[in-house]
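Chain residues, written in single-letter form:
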Amino acid sequence: MQGTEGLIVFLGFLGTGLGAVVLEAECGLEGRNGVADAGYRFRVEGNIWLESGRNSAAIRSFGRLFSQGDGSLRLTGCTQTSGKDHTFGRYNGTRWLWETAVHSTRSSVERSRKFVTEARNYIDTDVATFHQEFPDDMNGTSSEARQCDPKHMPWIGCDWKGSVSSFPSFSLPSSSELAWFQFYGEHLNDAHNDTHRGPRIGRWEKGSIIPDGLLSGPMAIFDRSGRTTVLSSLNNFMDATVAFDNETEVVSLGIMGGVDYVPSGYKISFVLHADAQGGGINRAFHNWGRSLLSRYSNTRRFHNNGGGFVESHLGYETDNGAYYYYAPMEGRDMYGTLLDVKHSLDQMGVAVKWANLDSWRYFKGPGSTGGEGVPMAGGVKNWTTDPRNIPNGDEGVIALSKQTGWDFMAHNRWWQNDTDYAVQNGGGKFLFYLEKDSHAYPGNGFALPSPDSGFWSFFFSYAATMNVKLYNQDWLWTQFLGMEITTRTLGIASRWLEEMGLNARENGINIQMCMSLPRHALQSLSSPAFTQIRTSDDYGPSVRDGQWRIGRSSLLAIALGLAPYKDPFFTSNRNESHGKVMGPEPFPPLQAAVATFSNGPVAFADGVDFIDATLLNRSINADGEILRPDIGMVSIDRSYLVEAFETAPFAKRQWPVEGAQRPENMISRSVVGDPGVEYLHLLSADLEKPLKISVKELAKSLPPLHQKQKEEENDNEGCCSSNTEYLVYMRRYGNVPRVTDNSLTDRVYIVKDADATITIPSVPLPEFTLTHITRVGDGEGVRYILLGETGKWLPISKNRVVDVVPRRAGLSVHFRGVPDEHVTLQFARISAYNESISSNSGRVTFVELTCRIGSTGIALAVVQDGAEGLCRTPPTQ
């Protein structure tokens, strides 16, 4: 291919799109005006979606930008490639060889440097990858575009704009029928943008402001039908960045702008994961995430991967926003306070199995990087237990665990530069990077364990002695943004998290990531010990009332196999104020429901005099086990489509977005039994107008259950069978949920098929609606449908229902729980279809059955037409 002028290389069709998706590349050594036409473009059904910018490739060296666009980065060779990738399969590619122009300074003439880029199209999957290689080392590579605003953004301090390298880069078109969104900022949800919460979003056209810098993350480009491509880094996640040139309106991916030196042999890659068949935005992200988990052989399984009770049962929090955060009971230390909490919960009949030991437990240095309500805002000096809060220090923590039976989530901040663990400070055993005064957080010193120092092995073996089952690494963006070594040196931030995950796993401890940026979520792929991530800002009643809006940010977490954590909540809307906390909580039931459906940890943070036991018991069984769905709740696809295409003028919208109202419709799913009965669960809140939507559209916001469902979707042009009736039952909740009210007659109806419209009524805050949907099933005559425990937030959960077996005009349900626990199940009796019945409600009646769990922890409920309901408990083995 070398020496071929202006040749267009068609890299071919992507994956299974049957020609719908094409990646093209130009391989011209002698282009127009002496500048190589080494461009590339991405087409969907013949239409250009993405096209390389004026600088299809660029790098910085010697303090200068060398670009393809102005000829200072010269194309010296171009070849076609082919091969097989262990994740994505067979590929064809185009490889460009570049060389910088000779650069002269006052003191010397610097030799040219080589740079290699490659675009690969994968034959068996809907994927393209973009690769950068550095055969030569490069100095003076920084963009020098550090932006600091400690006055207006004290929680961020500084960001780095621009990039060291660019490939791929895409130019925004003058106009298009496409939109974009990007996961950006703190907690994956732009947390300090209180009125928006979630990815930033806009039209893919000139005038749009694409977020960039160190807070940037994975992007989606999509059309009105839901066809979507996901664009992200593929490796070296902590080194990567998105850059946006406001003048040329070009989006580029490359090495973060602060890096001042790139060693020879360094490589970084990016991936474009396509879904041209209109599977939807959420499904595109799920497919992208599944491929990355496979690529990194990450088998993490929340709830089944360690983590003790923290990942399965109800917990009690003492972190920022909690009643006892740095404010124990009067006359008590935190040891006595937590013992009194345990005693009170036992009297209320609320089973709690774990507690959070927050930053009040350990020793901190001086500092001023704290956020709202955060006292003693320095980093960690020594992680041992302060005996002023828990007598006898670490021995007191062990005693507390034995007395309460609790597992612990243990919190950690960033490392202070005077940490006792650093050998440089005298007395420590481990080598740390030490920085005296942070650019991002002036007046604060930072430290970071050096790779291969052995620190993390020591740290987690020590944590395990205190019954720590979950390590909460908080202040992640502070540790990362606050140091020169992490933002200006390649590989250091990645090694920090890799070694943390490796050693946590070896000691049987899981990790929760908190105060994360999108890059941290991606880096979690390095270890299955990272099982969960905060997707909300810190809890703060009356301060951060939008904190429950996690449906959008949870998408990134769930796609990467991480369980979202909403942070705790108050169960009471009384004036619960103490210490740094100022109540009341305006939406206790909504907070509890969102936490339960998140599929992450569930914890509350009330003072003992304010705990609403009835509300908490809606989330759990008698042993405190969370009754949770199979997949965490995410915003439906329509949320993004409406925001991008029906909210104007969006292309030039600035942030933060004004206005606190935004409809939230979040979907999850439970599947019980074998071969599996599927239930969809929709939480709707803050709806000014009714939502009219089909079962098919709702279900397409979740990944397919299995290959058979994929095939059915292809056959039916959607997610669900068009010939099957669906039962819809919904309930509306306010701040005083009617826990004992199980009458659903006026809220249950049948739709004829998956294409029929379901109407969710408008529902202003603090009220919300839960809607549950399942198939009526085939057959004639009377049928029974399990509605489940309608007194719980999630009426159908694998943590309760073991199997559902149809019988002749009846149903058998095996379910589990705690011996002697009483479980109330509801069933819908569906009569045969009759044209003379004008109302759906005329076909539906209800059966309620309360059964006691036997000594084996299992019970059987049987409903049969013409007979009374029957409960059975299997005999003891």
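Residues numbered from 1 in each chain as written. Predicted model: local features only at pLDDT ≥ 70, side-chain atom pairs only at ≥ 80, totals over all residues. Heavy atoms only, no water.

(A) Quick peek at the overall build of the protein chain. On a plain count of helices and strands, the protein chain comes out with 14 helices and 52 strands. Each of the 877 residues in the protein chain was classed as buried or not, and the buried ones make up 63%. Taking all contacts inside the protein chain whose residues are at least 6 apart in sequence as the whole, residues at least 24 apart take part in 72%. Total accessible area on the protein chain stands at roughly 31100 Å², and carbon and sulfur atoms take up 48% of it. (Helix = DSSP H or I, 4+ residues; strand = E, 2+ residues; numbered from the N terminus. Buried < 20%, exposed > 50% of the residue type's maximum accessible area, 1.4 Å probe, protein only. Contact = heavy atoms within 4.5 Å. Areas by Shrake-Rupley, 256 points an atom, 1.4 Å probe, with all protein chains shown as cover.)

(B) Fine view of the sheet that holds strand 33 (residues 468-473). An order of 36-35-34-33-30-27-26-37 is seen for the eight strands of this open sheet, with the pairing classed as parallel. Edge strands, defined here as strands with exactly one partner in the open sheet, are strand 36 (563-565) and strand 37 (602-604). Strand-to-strand twist across the sheet, computed as the mean angle between neighbouring axes with direction ignored, equals 30°. Both strand 35 (residues 530-534) and strand 36 contribute to a ladder of three bridges, which runs parallel. Note on strand 36: the bridge partner recorded for R534 is Y565. Those strands touched by helix 7 (residues 492-506) are strand 33, strand 34 (510-513) and strand 35, and its axis lies near 145° from that of strand 34. (Pairing = 2+ DSSP bridges. Axes fitted to C-alpha atoms, helices over the stretch in contact; angles between N-to-C directions.)

(C) Fine view of the pairing of strand 34. On strand 34, burial covers both faces: N510 and Q512 on one face and I511 and M513 on the other are all buried. As judged from the four bridges shared by strand 33 and strand 34, these two strands associate in the parallel manner. By the bridge assignment for strand 34, Q473 is matched with M513.

(D) Inspection of the state of the cysteines at higher detail. In the structure shown here, the tally under the stated rule is two disulfides. Paired by a disulfide, C851 and C871 hold their sulfur atoms 1.9 Å apart. Judged by the sign of its S-S torsion, about -70°, the cystine formed by C851 and C871 is left-handed. Placement of the pair is C851 in strand 50 (residues 844-852) and C871 in strand 52 (residues 870-872), with a sequence separation of 20 residues. On the basis of relative accessibility, which here comes to 1%, the residue C851 falls in the buried class. The exposure class assigned to C871 is partly exposed, which follows from its relative accessible area of 32%. (Disulfide = S-S within 2.5 Å.)

(E) Fine view of the pairing of strand 30 (residues 407-412). Most of strand 30 is tucked away: six of the six residues are buried. Neither face of strand 30 is exposed, since D407, M409 and H411 on one face and F408, A410 and N412 on the opposite face are all buried. Examined bridge by bridge, strand 27 (residues 354-357) and strand 30 share four bridges and lie parallel to one another. Residue pairing for strand 30: W354 is matched across the bridge by D407. Relative to strand 33, strand 30 runs parallel, the two being bridged by five bridges. In the strand pairing of strand 33, N412 is matched with Q473.

(F) A look at the nonpolar core. Counting residues in hydrophobic clusters, the biggest one holds 218 residues, and the most contacted among them are W204, F222 and W383. With 30 residues, the next largest nonpolar core counts I796, V801, L811 and V813 among its residues. (Core = buried A, V, L, I, M, F, W, Y, C linked by side-chain atoms within 4.5 Å.)

(G) Examining the packing of helix 2 (residues 334-348) against helix 3 (residues 393-404) more closely. Packing of helix 2 against helix 3 leaves a shortest axis separation of 11 Å and a crossing angle of 10°. The angle between helix 2 and helix 3 places the two elements in the roughly parallel class. Contacts from Y335, L338, L339 and K342 in helix 2 reach G396, A399, L400, Q403 and T404 in helix 3. (Parallel < 35°, antiparallel > 145°, perpendicular 65-115°, else oblique.)

(H) Summary view of the side chain of H273. Counting through the fold element by element, H273 comes out in strand 25 (residues 266-275). Apart from the residues lying within four places of it in its own chain, the contact partners of H273 are D126, V127, T228, T229, V230, N287, W288 and S291.

(I) Structural detail: the packing of aromatic side chains. A full pass over the atoms with the stated rule returns 54 aromatic pairs. Note on W383 and Y471: the rings are 6.1 Å apart at their centroids and 75° apart in plane angle, and the pair reads as edge-to-face. Highlighted residues: W383 in strand 29 (residues 380-385) and Y471 in strand 33, separated in sequence by 88 residues. Among the residues examined, Y471 registers a relative accessible area of 1% and is labelled buried. Between the NZ or CZ atom of K353 and the centre of the ring of F309, over which it lies, the distance is 4.6 Å. In this structure, R618 packs its charged tip against the face of W793, placed 4.4 Å from the ring centre. (Phe/Tyr/Trp six-rings, centres within 6.5 Å; stacked < 30°, edge-to-face > 60°. Lys NZ or Arg CZ within 6 Å of the ring centre and 35° of its normal.)

(J) Region of the structure containing the pattern of salt bridges. In total, this model carries 47 salt bridges according to the counting rule given. Of the charged contacts, one joins R111 and D136 as a salt bridge, the two residues approaching to 3.8 Å between their closest N and O atoms. Of this pair, R111 sits in the loop between strand 10 (109-110) and strand 11 (114-122) while D136 sits in the loop between strand 12 (127-134) and strand 13 (138-139), placing them 25 residues apart in sequence. When its relative accessible area of 14% is taken as the criterion, D136 is described as buried. Three or more residues joined by partner-sharing salt bridges are found here, namely R549, R552, E643, R662, E664 and D686. (Salt bridge = Lys/Arg side-chain N within 4 Å of Asp/Glu carboxyl O.)

(K) Examining helix 4 (residues 455-464) more closely. Of all the positions in helix 4, only F455, W456, F459, F460, Y462 and A463 are classed as buried. Buried residues of helix 4 fall within an arc of 155° about the axis and therefore sit on the same side. (Arc of directions from axis to C-beta.)

(L) Main features of the sheet that holds strand 6 (residues 64-67). Here three strands make up an open sheet; going across it, the order is 6-5-16 and the pairing antiparallel. Only two strands of the sheet have a single partner each, and these edge strands are strand 6 and strand 16 (165-166). Taken together, the four bridges between strand 5 (residues 58-61) and strand 6 define a ladder with antiparallel strand orientation. Residue pairing in the sheet places R60 in a bridge with L65 of strand 6.

(M) Quick peek at the confidence of the model for the protein chain. Per-residue pLDDT for the protein chain averages 87, and the proportion of residues at 70 or more is 87%. Per-residue pLDDT stays below 50 along residues 649-656; that stretch engages in 18 contacts with residues further than four places along the chain or on separate chains. Contacts of residues 834-839 to residues separated by more than four positions or lying in other chains number three contacts, the stretch itself having pLDDT below 50. (pLDDT = per-residue confidence, 0-100.)

(N) Up close: the environment of V341. Residue placement: V341 occurs in helix 2. Classification of V341 by relative accessible area gives buried; the value is 0%. C-alpha separation for the pair V341 and Y316, spaced 25 residues apart in sequence, amounts to 9.0 Å. Not counting chain neighbours up to four residues away, the residues in contact with V341 comprise Y316, Y324, M329, W406 and V608.

(O) View of the environment of V805. Here V805 shows up in strand 47 (residues 801-807). Sequence-wise, V805 and G673 are 132 residues apart; in three dimensions their C-alpha atoms are separated by 7.9 Å. When near neighbours in sequence (up to four residues on either side) are disregarded, V805 contacts L811 and S812.

(P) Molecular detail of the side chain of R662. By the element assignment, R662 lies in the loop between helix 12 (637-645) and strand 39 (664-672). A polar atom in the side chain of R662 sits 2.8 Å from the side chain of E664. (Polar contact = N/O pair within 3.5 Å; in protein donor to acceptor, adjacent residues only side chain to side chain.)

(Q) Structural detail: the environment of G378. Here G378 shows up in the loop between strand 28 (362-364) and strand 29. Considering only alpha carbons, one finds G378 and F446, 68 residues apart in sequence, at a separation of 9.5 Å. Residue contacts for G378: discarding those within four places in its chain leaves K364, G365, P366, G367, R413, W414 and Q416.

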